[in-house]
Amino acid sequence: MLDADFFHRWMTATAASVDREAQRLTDLDSAIGDADHGSNLQRGFSAVRATLEQEAPDTPGGVLTLAGRQLISTVGGASGPLYGTLLRRTGKALADASEVSEEQLAEALRAGVDGVMKLGGAAPGDKTMVDALVPAVEALGEGFAAARAAADRGAEATTPLQARKGRASYLGERSIGHQDPGATSSALLIAALAETAGTTGATGATESGRTVGTGRTSGASGTAEGAEG
C-alpha cells in the first residue's frame, strides 16, 4: 500500500528530476516554442517541494491536491493549469484514504489524465504531454516499470508527429522532427514515480539507477493544449 509519505517522496523526486533536466526541457521547447518549459516547471516543482516541507498532508490525495494547487499558482503558460489539473484530479479521486493500492492509484491517475485531456482538448497523437501520460496509465496495471517504459516510448514517439495542439501547431509541418517537451516532462513525472516505488520495494518497481526521462532529440510544443508550456 502507498501512504502519504510515498506521494511526498514522489513529488520531491519529481522536483529533483526537473532540476536536473530543466535545461534539456527548455532546449526542447526552444525549437518551436517559447523556450521556457524547463524554467517554468523548475519554478513550479521547487515551490511544490518547499510547500510540502512546510505542510505535511496526511493522505495521498491531500499531498497531490496541495501539489497541484501550488503548480497552478506558480507556473506560467499552460503547464501550470495542466500539471495542476493532473495532480488535483488524481488527488481528488484518491479522496481521504490514508493508504491506497497501486490499482487505486492507476484509476486515480486515469481520472487525472482525463482532466488534462478535457482541459486542453488534446488526444493521443496530437504531440502533447497526453502522448506520454495515456500509455503510462494504461501500462500501470503491469507495474511501475512498465508505466515508466510506456511513458518514455510515448514521449519519443512524438518526434515524427505534426503538432495539432499548442504553440508548435502554428508551425504545421515544421513541428515534425522535434520531441515534445510536455511529453518529455510527463515521462520525468512517471519515471520519478517508478523510482520512488523502487526505493520502497513496491511491486513493479524499476532499478533506481536508470537515467530519468526520454530521448535526446530537439523539441517542439510542450503541453496538451493551445498555449505554450
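Since this is a predicted model, take the numbers as computed values, not measurements.

Moving on, we come to the overall build of the chain. When helices and strands are tallied, the chain shows eight helices and two strands. Each helix (α) and strand (β) of the chain, taken in turn from the N terminus, gives the series β-α-α-α-α-β-α-α-α-α. In the chain, which comprises 229 residues, the share counted as buried stands at 56%. If you take every contact in the chain between residues at least 6 apart in sequence, the share linking residues at least 24 apart comes to 73%. With the model as given, the accessible surface of the chain reaches about 8700 Å², and the carbon-plus-sulfur share is 47%.

Turning our attention to the nonpolar core. Where a protein is soluble and globular, its nonpolar side chains tend to be buried together. Formed by 55 residues in total, the largest nonpolar core has its most connected members in Phe7, Trp10, Met11, Phe45, Leu105 and Phe144. Ignoring sequence-local partners within four residues, the contact set of phenylalanine 7 consists of Leu2, Pro60, Val63, Leu64, Leu94, Val100 and Leu105.

The grouping of Arg69, Arg88, Arg89, Lys92 and Lys118 at the surface amounts to a positive patch. Here the positive patch takes three residues from helix α4 (residues 79-94), the largest share from any one element. You can see arginine 69 is positioned in helix α3 (residues 60-74). Residue arginine 69 is classed as partly exposed on the basis of its relative accessible area, which comes to 44%.

What follows concerns α4. Taking 1.5 Å of rise per residue, the 16 residues of α4 would be expected to cover 22 Å, and the 22 Å separating its terminal C-alpha atoms lies within 8% of that figure. Of all the residues in α4, the buried ones are Ser79, Gly80, Leu82, Tyr83, Gly84, Thr85, Leu86, Leu87, Thr90, Gly91 and Leu94. Positive phi shows up at alanine 95, right after α4, with a value of about 55°.

Here lysine 127 lies in the loop between α5 (102-120) and α6 (130-139). No salt bridge is formed by the buried lysine 127. Its closest oppositely charged neighbour is aspartate 180, at 6.5 Å. At a separation of 2.6 Å, a polar atom in the side chain of lysine 127 contacts the main-chain carbonyl oxygen of histidine 178.

Take the environment of histidine 178 next. If you trace the backbone, histidine 178 turns up in the loop between α7 (144-156) and α8 (181-200). When the C-alpha atoms of histidine 178 and threonine 159 are compared, they prove to be 4.7 Å apart, with 19 residues separating the residues in sequence.

This part covers the packing of aromatic side chains. Per the counting criterion, the structure on display carries four aromatic pairs. Consider the rings of phenylalanine 6 and phenylalanine 7, whose centres lie 5.5 Å apart with planes at 75°: the pair is edge-to-face. Side by side, phenylalanine 6 and phenylalanine 7 carry an identical accessibility label, which is buried. The rings of Phe6, Phe7, Trp10 and Phe144 are connected pair by pair, giving a single aromatic cluster.

Side chains of residues three or four places apart in an α-helix project in the same direction, reflecting 3.6 residues per turn. Here α3 contains 15 residues, and its C-alpha end-to-end distance of 21 Å stays within 8% of the 21 Å for a straight helix at 1.5 Å per residue. Among the residues of α3, those classed as buried are Pro60, Gly61, Val63, Leu64, Leu66, Ala67, Gly68, Gln70 and Leu71.

Our focus in this paragraph is the environment of alanine 106. Tracing the sequence through the fold places alanine 106 in helix α5. For alanine 106, a relative accessible area of 11% puts it in the buried group. Distance in space between the C-alpha atoms of alanine 106 and glutamate 138 is 8.2 Å, their sequence separation being 32 residues. With residues up to four places along the chain from it excluded, the contact list for alanine 106 reads Val137 and Leu140.

What is expected of a backbone is that most residues other than glycine have negative phi and most peptide bonds are trans. For alanine 35, which is not glycine, the phi torsion reads 60° and is therefore positive. Among the structural elements, alanine 35 can be located in the loop between α1 (4-30) and α2 (37-54). Its identity is not glycine, yet lysine 127 carries a phi of approximately 70°, on the positive side.

Relative orientation of the contacting elements α5 and α6 amounts to 155°, with a least axis distance of 9 Å. Considering the angle they form, α5 stands roughly antiparallel to α6. Considering only the axes of α5 and α6, their crossing is left-handed. Each of Ala106, Leu109, Arg110, Val113, Val116 and Met117 in α5 lies in contact with α6, whose residues at this interface are Val130, Leu133, Val134, Val137 and Glu138. Tallied by class, residues from the contact of α5 with α6 come to nine nonpolar, no polar and two charged.

The rules behind the values
- Residues numbered from 1 in each chain as written.
- Predicted model: local features only at pLDDT ≥ 70, side-chain atom pairs only at ≥ 80, totals over all residues.
- Heavy atoms only, no water.
- Helix = DSSP H or I, 4+ residues; strand = E, 2+ residues; numbered from the N terminus.
- Buried < 20%, exposed > 50% of the residue type's maximum accessible area, 1.4 Å probe, protein only.
- Contact = heavy atoms within 4.5 Å.
- Areas by Shrake-Rupley, 256 points an atom, 1.4 Å probe, with all protein chains shown as cover.
- Core = buried A, V, L, I, M, F, W, Y, C linked by side-chain atoms within 4.5 Å.
- Patch = residues over 30% accessible without salt bridge, like charges linked within 9 Å, V, L, I, M, F, W, Y side chains within 5 Å.
- Salt bridge = Lys/Arg side-chain N within 4 Å of Asp/Glu carboxyl O.
- Lys, Arg positive; Asp, Glu negative; His and termini not counted.
- Charge placed at Lys NZ, Arg CZ, Asp CG, Glu CD.
- Expected span 1.5 Å × (residues − 1).
- Polar contact = N/O pair within 3.5 Å; in protein donor to acceptor, adjacent residues only side chain to side chain.
- Phe/Tyr/Trp six-rings, centres within 6.5 Å; stacked < 30°, edge-to-face > 60°.
- Axes fitted to C-alpha atoms, helices over the stretch in contact; angles between N-to-C directions.
- Parallel < 35°, antiparallel > 145°, perpendicular 65-115°, else oblique.
- Left-handed = near helix turned anticlockwise from the far one by under 90°.
- Nonpolar A, V, L, I, M, F, W, Y, C, P; charged D, E, K, R; others polar.

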